[in-house]
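Each chain, letter by letter, is given below.
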Amino acid sequence: MADLRTEEFTINMGPHHPSTHGVCRLILTMDGEKILKIEPSIGYLHRAIEKICENRTYTQCIPILDRFEYVTAMSANNVFALAAEKIVQIEVPERAEYIRVIMLELNRIASHLLFYGVTAMDIGALTPFLYGLRERELIIDLFEMTCGQRLTYNYIRVGGVSKDLPDEFVPKCREAMQIISEKLSDYEGLLNENPIWKVRNVGVGAMPAQDMIAYGVSGPVLRAGGVDYDIRRDDPYSIYDRFDFSIPTHPNGDCYDRYLQRLAEIKESIKIVNQALDGLPEGDFKAKVNPITWKPPAGEAYARIENSRGEMGCYIISDGTNKPLRVKTRGGSYNQLQALPAMVDGKGYLVADLVAIFASLDVIMPEVDR
């Protein structure tokens, strides 16, 4: 009987595969069912957002950047506004700062709820997907009530926000936070000790903290590897230094800890929202800035914030006109995707394991391709 011989072969996962969360192509080198090597191939969603912004006024850039990170579009609005405000040294009204924090944390919760549902569905559990979207709707309704939009908001503007909160917002927001707080125990009950969930996630896709730092990984993925770092606390922006919240971490840096990390962060965001609602002052919701004639002085600035996927940054160069000379954005998803091969290559994982690892990174492709 002749000896059996196996050969390596290459297959594509994506860009149409549902578990690649958009148009991401992963080129897999396989030995039978085991992955030997993985190569992310990006660029399928590139829309030249940064270059488009350089041909728009500062105000016109806001709705463009909504598409840069559409799952937490409030963050994309905010980081651009922060960079522009640094150049011109605009003082944002107190009420606007509180509204911004409320919106940013609501959007973070909505993003993590979507992560909870989509990640579970990728691995084969449908019920958590329905649960996550059910509670996310409470937050999306609040956004629609405030600015008329449910996904891309064009709400946080240079100098403040586009409009004030409606009268019914505060009671509805408190009610939503109460409901989501209560439902989190159901989320944990569905998955935390589920034996199939643990087999698929515990110890899978682990990466040492020092390697994640070397790759520039940030946000929940980094904190799930034991690194106690959060820009809201360690390099405060807006009025985050006024609020009492913890930075949860987990020690193992695997898929399971990344899942636990997002649930823990939802609880902290709820605490921030409730504190901001309690302290919400009266006053103006926007600085006196004419969005049509406004021109910042020549200069440059970089602003960064803690997005639900890690560090989100925006670098602007102004030449003194009403359009930015240069816009450069940074999204956490790019570095997470860059680290994916180091998590997978040569470790004997199957394609099913890759689905869980990729989902746990919570990569969103517009943030990668821009």
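Please refer to the structure higher up on the page.
Quick notes on the rules
- Residues numbered from 1 in each chain as written.
- Predicted model: local features only at pLDDT ≥ 70, side-chain atom pairs only at ≥ 80, totals over all residues.
- Heavy atoms only, no water.
- Helix = DSSP H or I, 4+ residues; strand = E, 2+ residues; numbered from the N terminus.
- Buried < 20%, exposed > 50% of the residue type's maximum accessible area, 1.4 Å probe, protein only.
- Contact = heavy atoms within 4.5 Å.
- Areas by Shrake-Rupley, 256 points an atom, 1.4 Å probe, with all protein chains shown as cover.
- Lys, Arg positive; Asp, Glu negative; His and termini not counted.
- Charge placed at Lys NZ, Arg CZ, Asp CG, Glu CD.
- Pairing = 2+ DSSP bridges.
- Axes fitted to C-alpha atoms, helices over the stretch in contact; angles between N-to-C directions.

(A) Quick look at the overall build of the protein. Each helix and strand in the protein was counted, giving 14 helices and eight strands. Referenced to the eigenvectors of the C-alpha coordinate spread, the extents of the protein come out at roughly 85 × 45 × 35 Å. Buried residues in the protein amount to 55% of all 370 residues. Expressed as a percentage of contacts within the protein between residues at least 6 apart in sequence, the contacts between residues at least 24 apart total 72%. Accessible surface, the protein: about 15,200 Å² in total, of which carbon and sulfur atoms supply 51%. For the protein, the centre of its 41 positive side-chain charges and the centre of its 51 negative side-chain charges are spaced 4 Å apart.

(B) Looking closely at the environment of F169. Mapped onto the elements, F169 comes out in helix α6 (residues 169-191). Separated by 24 residues in sequence, F169 and M145 place their C-alpha atoms 7.4 Å apart. Apart from the residues lying within four places of it in its own chain, the contact partners of F169 are I102, M103, L106, L142, M145, T146 and L277.

(C) Molecular detail of the sheet that holds strand β1 (residues 9-13). Ordered by their spatial adjacency, three strands build an open sheet running β1-β2-β3, and the pairing between neighbours is antiparallel. Two strands in the sheet have a free side with no partner beyond their single neighbour: β1 and β3 (34-41). Taken pair by pair, the neighbouring strands of this sheet meet at an average axis angle of 25°, ignoring direction. Taken together, the seven bridges between strand β2 (residues 25-31) and β3 define a ladder with antiparallel strand orientation. Bridge pairing in β3 places M30 opposite I35. Strand contacts of helix α12 (residues 332-344): β2 and β3, with the helix running at about 170° to β3, the strand carrying the most contacts. Strands β1, β2 and β3 of the sheet are contacted by helix α13 (residues 351-361), whose axis makes an angle of about 145° with β2.

Just geometry here; none of it tells us what the structure is for.
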